[in-house]
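Chain by chain, the residues run as shown.
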Amino acid sequence: MFCNQCEQSFRGTGCVDRIGVCGKDEDVQSLQEMILYGLKGMAAYANHARRLGKTDPEVSAFIEDALFATMTNVNFDLASLFDMAMELGRMNLRVMEMLDTGHVEAFGKPQPTEVYEGTHAGPGILITGHDLVDLWDLLRQVEGTDIKVYTHGEMLPAHMYPKLAQHSNMGGHYGTAWQDQRRQFEGFSGPIVATTNCILIPPPSYANRLFTVRWVAVPGGQRLKGNDLSPVIAMAKQCPPLPEKFVKHSTVGFHRGVLLDNARTIVDAVKAGKISRFYVIGGCDGAEPGRNYFSDYAQSTAGDSFILTLGCGKYRIREHDYGTHLGFPRLMDMGQCNDAYGAIAVAAALAKAFDCSVNELPLTLVISWFEQKAVAVLLTLLSLGIKGITLGPNPPAFVTPGVFQILQEKFDLKLTPTQGRSHSGSIRLPVAQN
Ligand code: SF4
Ligand code: SF4
């Protein structure tokens with residue numbers, strides 16, 4: 001364990017043994033960290049939802065309670081902290097639901113949409129991160145100019161919302177996941193707006209073209225504190241124009257609403273034995289080689305199954321052609337990582353239709369994690385009692401073997417094969433489990 005949050009901290013540097021000076025043991029510390037990290041992820045979603053006018057006092061009260069439980073000399077009890085972590089998962093479901101509703105109310109009902117990937121000749125602005133309100137602000141502020149706005153990374157699902165996709169200044173999508181941004185931002189001649197995580201510290205080659213908003217800030221970049229994006233637009237007019245460069249067309253927009261509209265067809269097909277399994281493969285992407293596990297896993301799924309994906313983990317699997325089945329693409333992009341809410345809603349609807357539990361559905365979840373939003377989403381899935389999730393590519397460093405054992409016993413949580421450290425959990429080979 002490592003804890004340095006109070007004055008008693010061992011030798012003034014930190015309690016690092018199995019038990020701290022106050023008596024807190026490593027498993028209690030592990031659960032408190034899990035709660036703190038889950039809260040951070042939930043706060044990010046709640047922040048996006050608040051900007052769409054969606055708040056819930058119960059969520060705010062819970063955040064205070066949960067933070068309080070992690071203070072020095074408040075809680076040394078594993079069971080109650082575990083309950084708190086599960087409550088966090090339930091609260092995060094509420095937050096993701098608010099965000100989903102906020103997006104749909106603000107930008108229209110999502111629909112499958114073909115996206116132009118590449119650039120058009122002329123001036124352009126690239127926008128990355130998760131905040132669709134920033135994208136909307138930018139589109140409105142460039143109206144009347146010939147500047148095109150391109151989405152990057154987790155902004156790709158913006159194209160499923162009619163109001164955003166059909167805006168005359170929307171140019172298309174450029175690039176892939178966050179870890180590729182240095183190379184991709186260097187190759188984009190216009191200004192770049194980073195709205196949330198996951199932003200990397202920029203090299204000098206494009207730092208002067210990188211704008212961040214509100215509390216997002218990096219050395220060398222220019223932070224805009226409000227919603228006035230005129231410095232970005234002024235720079236777009238000065239920068240060398242983008243080339244006409246078509247990369248491909250792709251399809252996004254299999255939001256929960258689209259899938260639920262087709263629920264009857266899907267249920268009938270499962271009952272008739274025409275769909276062998278649903279896979280949710282997604283979450284975060286990252287640079288580690290172990291993430292090829294997710295690509296290999298997706299490609300090993302049967303031709304009569306469907307893969308639902310979300311988050312930037314989609315970039316790990318979307319280059320492969322999975323074909324179609326029953327008139328639907330086998331790979332369906334549900335949206336951003338917060339659209340895990342949609343995957344849960346679809347699973348719940350299927351369970352209801354089959355009069356069974358989610359765990360009895362032909363459903364497999366293979367989740368890639370990177371940062372704290374994924375911790376919140378994982379706690380949501382566990383709080384709903386969903387078992388057998390495979391998590392990777394590395395186990396969270398803040399989860400001790402003792403806490404992992406609890407998660408394994410209660411939820412049959414599994415780890416992907418890892419290159420480096422791993423907990424003593426059961427390991428699955430990169431072959432789709434049917
Ligand atoms: S809270 Fe406990 S474990 Fe943490 S620094 Fe203080 S004495 Fe050490
Ligand atoms: S899905 Fe996770 S890793 Fe990817 S951009 Fe979003 S927060 Fe970052």
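See the structure above.
Presented here is an overview of the structure given in this document.

Conventions we followed
Residues numbered from 1 in each chain as written. Chains lettered and ligands numbered in written order. Predicted model: local features only at pLDDT ≥ 70, side-chain atom pairs only at ≥ 80, totals over all residues. Heavy atoms only, no water. Near = heavy atom within 4 Å. Nonpolar A, V, L, I, M, F, W, Y, C, P; charged D, E, K, R; others polar. Buried < 20%, exposed > 50% of the residue type's maximum accessible area, 1.4 Å probe, protein only. Helix = DSSP H or I, 4+ residues; strand = E, 2+ residues; numbered from the N terminus. Arc of directions from axis to C-beta. Contact = heavy atoms within 4.5 Å. Pairing = 2+ DSSP bridges. Core = buried A, V, L, I, M, F, W, Y, C linked by side-chain atoms within 4.5 Å. 1 Å grid on protein atoms, 1.4 Å probe; cavity = no way out; pocket = protein on both sides within 12 Å on 5 of 7 lines; lining within 4 Å. Points joined across faces, edges and corners; volume = space filled by probe spheres on them.

Section: the site of ligand 2
In the vicinity of ligand 2 lie 13 residues, with His130, Cys198, Cys284, Cys312 and Glu371 positioned nearest. Among the residues forming the shell around ligand 2, the class breakdown is 6 nonpolar, 3 polar and 4 charged.

Comments concerning the site of ligand 1
Close to ligand 1 lie 13 residues; Cys3, Cys6, Cys15, Cys22 and Thr72 are nearest. Classifying every residue of the shell around ligand 1 by side-chain character gives 6 nonpolar, 6 polar and 1 charged.

With respect to helix α10 (residues 263-271)
Among all positions of α10, only Ile266, Val267, Ala269 and Val270 are buried. For α10, the angular spread of the buried residues around the axis is 160 degrees, confining them to a single face. Residues Arg264 and Lys271 are exposed on α10 and point more than 90 degrees away from its buried face. Buried residues along α10 sit in contact with α9 (256-261), β9 (278-283) and α12 (340-354).

Quick notes on the sheet that holds strand β15 (residues 390-392)
Strand order in this open sheet of 6 strands is β13-β10-β9-β14-β15-β16, and the pairing throughout is parallel. Each having just a single partner strand, β13 (331-335) and β16 (414-415) make up the two edges of the open sheet. Summarising the sheet, β15 and β16 pair through 2 bridges and their orientation is parallel. From the neighbouring strand, leucine 391 faces β16, where its bridge partner is leucine 415.

Observations regarding the nonpolar core
Nonpolar side chains in soluble globular proteins tend to end up buried together. Judged by nonpolar contacts, the single largest core of 110 residues is most densely connected at Met34, Ile125, Leu135, Leu164 and Ile389. Of the residues forming this core, the biggest block, 12 residues, is contributed by helix α3 (residues 78-107). Residues in contact with methionine 34, not counting those within four places in the same chain, are Val375, Leu379, Phe398, Val399, Val403 and Leu407.

Some points on empty space enclosed by the protein
A full pass over the atoms with the stated rule returns 5 cavities of 30 Å³ or more. Considering only enclosed or pocket space, the largest cavity measures out at about 240 Å³ in volume. Considering the residues around the largest cavity, the lining is formed by 25 residues, among which Val280, Ala340, Ala343, Leu365 and Ile367 are closest to the centre. When contributions to the lining of the largest cavity are tallied by element, the ones reaching two or more residues are β9, β10 (306-310), α12, β14 (363-368) and α13 (372-383). Tallied by class, the residues present in the lining of the largest cavity amount to 21 nonpolar, 3 polar and 1 charged. When its volume is computed, the second largest cavity comes out at roughly 150 Å³. What lines the second largest cavity is a set of 18 residues, among which His130, Glu154, Trp178, Cys198 and Cys312 lie closest to the centre. For the lining of the second largest cavity, the class distribution of residues is 6 nonpolar, 8 polar and 4 charged.

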